[in-house]
Amino acid sequence: MASSLLDRLQHGLWRDNPGLVQLLGLCPLLAVTTTFVNGLGLGVATLIVLAMSNALVSITRRWIRQEIRIPIYVLIIASLVTCIELIFKAWFPTLDRSLGIFIPLIVTNCAIVARAEVFASRNPVGASIADGVGMGAGFALLLMSIGAFRELIGQASILSRLDMITGGEPFAGLSFADRGLLLAILPPGAFFSLALAVAAKNAIDRKRTPLNRTSVWRREQLTGKDNP
Amino acid sequence: MSENQSVLTSGATLAFIAAVCTALVAATYQATADRIAANEKALLEQSLQPAIAGLFFEGGVSESRLVLEPPHELPGSDTALIYRVYSGDEPVAALLAVTAPDGFSGPIRVLVGVAADGSVSGVRILQHRETPGYGDSIDSTRSDWVLQFDGRSLGDPVITQWHLRVDGGDFDQLTGASITPRAVLKAIREVLVYFDANRDEIFALPATEEEP
């Protein structure tokens, strides 16, 4: 049991990472990752919503009829996101202003409704929560890495505005140079960073999997043998 | 009959889940409403502070607020806000939040503080989407550009010189950006002209009631 939960986590963090492999939720991923702190904020918010929506969908799965499941997912996800937004506004007001519309837009993150439909509506509560946490953490870590990468290249600093999470005086971040490469902060920089991240993941996978294993793994993928 | 029943069951399930979700949101709202209101008020006072150069609000911020719905004579076609600062009954300054409509990447929200004698007590950019590294130098956290307006008024320099140097005026531009500072400067100039023409009325009008 415990090993299967760990397996779920590993799926979300690496093998089926919503950002790197499924390429879901790209709109917030590309838009807010100008700094590490922004990525962390939106990543944690998405993680909480994903874990809780998976839990609620899984709890209610037995008495929800097929034909009304989508409106119910929308209801559950929208309420959770509204609650998260209110909590951010109350306890992390500067972070909320920095992320702006992308907190309410978590509702439209297709990774969340995809996990509700594909996993939580067919699996027990424990596995669903593990799946939500794994997928959410995978997404959050990707947001954080891309945010840190773009901040390092674009502003030549790291951890700027950490005060948005910890409170206290505005913190300019650890700076290494006067000015970075502006391109990394602008929208094209987001696409380049994501492309580099996907390429890095593929390169690591290829190195870890010998050629013959790769073909077996591909077949499993294609026949859906390993699909949830 | 069974089809009717299944529709009824579905409807009841939906209604029940909707009620539970609404209750969840309502409870969170109840728990956070006070904190959110306090945060918003603190943010507003904090953002107004630099534009009045150290003068503190004695009364509440919202109690001194005038809300001007468009069309008005101030720059921009958005709602303009005027916060009045008094010392006793004596007017000290007015803070005008207006929109410069002609920024490089859309409108720029500018807060212009004008002392009762008509001189600028401070300018801050409240909201903008200008290019990082170039136009965003109008923001006081990025450069000192907006500080050059402190203490200036319509006579200093004369209104024909209230332009950027590149346009033959008296004010510094920004390297690599001219549209952005031009838009901000124009908004400041128009605010000063408006203040000059309506000074007494601005300080005499009763505050706009808050929406219930």
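Residues numbered from 1 in each chain as written. Chains lettered and ligands numbered in written order. Predicted model: local features only at pLDDT ≥ 70, side-chain atom pairs only at ≥ 80, totals over all residues. Heavy atoms only, no water.

A word on the packing of helix H4 (residues 69-91) of chain A against helix H6 (residues 110-118) of chain A. Residue and element names in this part refer to chain A. Packing of H4 against H6 brings their axes to within 11 Å, and their N-to-C directions diverge by 130°. Comparing the axis directions of H4 and H6 gives the class oblique. Classified by chirality, the crossing of H6 by H4 is right-handed. Note on element contacts: H6 touches H4 through Ile112, Val113, Ala116 and Glu117, opposite Arg69, Ile70, Tyr73 and Ile77. Classifying every residue of the contact of H4 with H6 gives six nonpolar, no polar and two charged. (Axes fitted to C-alpha atoms, helices over the stretch in contact; angles between N-to-C directions. Helix = DSSP H or I, 4+ residues; strand = E, 2+ residues; numbered from the N terminus. Parallel < 35°, antiparallel > 145°, perpendicular 65-115°, else oblique. Left-handed = near helix turned anticlockwise from the far one by under 90°. Contact = heavy atoms within 4.5 Å. Nonpolar A, V, L, I, M, F, W, Y, C, P; charged D, E, K, R; others polar.)

Turning our attention to the pattern of salt bridges. Residue and element names in this part refer to chain A. Under the defined criterion, the tally for this structure stands at 14 salt bridges over all chains. Close ionic contact of Arg65 with Glu67 constitutes a salt bridge, the shortest N to O distance being 3.4 Å. Residue Arg65 is classed as partly exposed on the basis of its relative accessible area, which comes to 31%. The closest approach of N and O atoms between Arg69 and Glu117, which form a salt bridge, is 2.9 Å. Residue Arg69 is found in helix H4, and its partner Glu117 is found in helix H6; the two are separated by 48 residues along the sequence. Here Arg69 falls in the partly exposed class, since its relative accessible area comes to 21%. Through salt bridges with shared partners, one network takes in Arg8, Arg115 and Asp131. (Salt bridge = Lys/Arg side-chain N within 4 Å of Asp/Glu carboxyl O. Buried < 20%, exposed > 50% of the residue type's maximum accessible area, 1.4 Å probe, protein only.)

Below, the discussion takes up the nonpolar core. If you look at the biggest cluster of nonpolar residues, it comprises 43 residues, and the most contacted ones within it are Leu29, Leu42 and Val49 of chain A. Those residues within four positions of Leu29 of chain A in sequence are excluded, and the remaining contacts are Gly19, Phe139, Leu142, Leu143, Ile146 and Leu194 of chain A. Membership of the second largest hydrophobic core comes to 37 residues, among which are Leu68, Leu96, Leu154 and Leu174 of chain B. (Core = buried A, V, L, I, M, F, W, Y, C linked by side-chain atoms within 4.5 Å.)

Contacts between the two partners involve 25 residues from chain A and, on the opposite side, 21 residues from chain B. Taken together, chain A and chain B are joined by zero salt bridges. At the boundary of chain A and chain B, one finds three residue pairs in polar contact (both at pLDDT 80 or more). Looking at the side of chain A that touches chain B, the elements with two or more residues in it are H4 and helix H5 (93-99) of chain A. When residues of the side of chain A that touches chain B are assigned to their parent elements, the largest contribution, 13 residues, is made by H4 of chain A. Split by residue class, the side of chain A that touches chain B holds 17 nonpolar, three polar and five charged. (Polar contact = N/O pair within 3.5 Å; in protein donor to acceptor, adjacent residues only side chain to side chain.)

For residues other than glycine, phi is negative in most cases, and the peptide bonds are mostly trans. Residue and element names in this part refer to chain B. Following Pro70, the chain continues to Pro71 via a peptide bond in cis, the omega torsion being 0°. By the secondary structure assignment, Pro71 is in the loop between strand E1 (65-68) and strand E2 (80-87). In the segment running from Asp156 into Pro157, the intervening peptide bond is cis, with an omega of 0°. On the secondary structure map, Pro157 appears in the loop between strand E5 (120-127) and helix H2 (179-204).

Quick look at the packing of helix H3 (residues 36-60) of chain A against H6 of chain A now. Helix-helix packing: each pair is described by the crossing angle between the helix axes and the interaxial distance. All names here are of chain A. Close contact between H3 and H6 brings their axes to 9 Å; oriented N to C, the two are set at 25°. Taken together, the axis directions place H3 and H6 in an arrangement best described as roughly parallel. For the pair H3 and H6, the sense of crossing is right-handed. Every residue of H6 that contacts H3 at Thr46, Val49, Leu50, Ser53, Asn54 and Val57 is listed here: Ala111, Ile112, Arg115 and Ala116.

Right, let's talk about the environment of Gly41 of chain A for a bit. All names here are of chain A. The residue Gly41 is located in helix H3 in this model. Judged by its relative accessible area of 4%, Gly41 falls in the buried class. Expressed as a C-alpha distance, the spacing of Gly41 and Gly173, which sit 132 residues apart in the sequence, is 16 Å. Dropping the residues within four chain positions of it, Gly41 is found in contact with Phe88, Leu95 and Leu99.

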